[in-house]
Amino acid sequence: MADSTPFWKTKSLAEMSRTEWESLCDGCGRCCLNKLEDEDTGKFLYTRAACKLLDLGTCRCTDYPNRQAKVPDCVQLTPENVGSLGWLPATCAYRLLDEGGKLPWWHPLVSGTQDTVTEAGISIAGEVYSEEGITVEELEDHLWRLPKAKRRVVK
């Protein structure tokens, strides 16, 4: 009988296959928001201005394979850099697992459906707009407090 324990509970980020690694992305789009770092506190502030490559409906990159060539400051997540990226949302599976946490109920690998990301209020679909036409100097005018996950509704 095969072990039925999910891979994210038995493997480190570095041990995961490319497919397993990519499946950790819940498709919320939060990491694709422009962020500012507070000089006094070092905390990252999110804006409603999303990367120009983000599909605002699906919260997926429209040119994932070429994103770094088109958006030079796009950061490719790796097992080596996840722990040093303080701007990753607290809800991010990569961050959660790197910090020894668990995947939440709404994560598609746990729930079995992408719909729970929206049900929990984690998806940014319908809440943000493209960065196009917004200058770096104007980003402060677009600050946004990321919503916390809603509690699971048991039916």
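Relevant structure appears above.
Residues numbered from 1 in each chain as written. Predicted model: local features only at pLDDT ≥ 70, side-chain atom pairs only at ≥ 80, totals over all residues. Heavy atoms only, no water.

(A) Representation of the overall build of the chain within the structure. In terms of regular secondary structure, the chain is built from 6 helices and 4 strands. The secondary structure elements of the chain, listed N-terminal to C-terminal, are α-α-β-β-α-α-α-α-β-β. In terms of overall size, the chain behaves like a compact globule, its C-alpha atoms giving a radius of gyration of 16 Å where 155 residues would be expected to give roughly 15 Å. Taking the principal axes of the C-alpha coordinates as reference, the chain spans close to 60 × 40 × 35 Å. Looking at the chain as a whole, 37% of its 155 residues qualify as buried. (Helix = DSSP H or I, 4+ residues; strand = E, 2+ residues; numbered from the N terminus. Rg over C-alpha atoms; globule rule 2.2 N^0.38 Å. Buried < 20%, exposed > 50% of the residue type's maximum accessible area, 1.4 Å probe, protein only.)

(B) Seen up close, the layout of surface pockets. Quantified by volume, the largest pocket comes out at close to 990 Å³. Lining the largest pocket are 37 residues; nearest its centre among them are C31, C32, C74, V75 and W87. Elements represented by at least two residues in the lining of the largest pocket include exactly α2 (18–23), β1 (33–37) and α4 (93–98). Split by residue class, the lining of the largest pocket holds 23 nonpolar, 4 polar and 10 charged. In this structure, the second largest pocket spans a volume of roughly 520 Å³. For the second largest pocket, the lining is made up of 17 residues, of which F44, Y46, A90, R145 and L146 are closest to its centre. Counting residues per element, the ones that place at least two in the lining of the second largest pocket are β2 (44–50) and β4 (143–144). (1 Å grid on protein atoms, 1.4 Å probe; cavity = no way out; pocket = protein on both sides within 12 Å on 5 of 7 lines; lining within 4 Å. Points joined across faces, edges and corners; volume = space filled by probe spheres on them. Nonpolar A, V, L, I, M, F, W, Y, C, P; charged D, E, K, R; others polar.)

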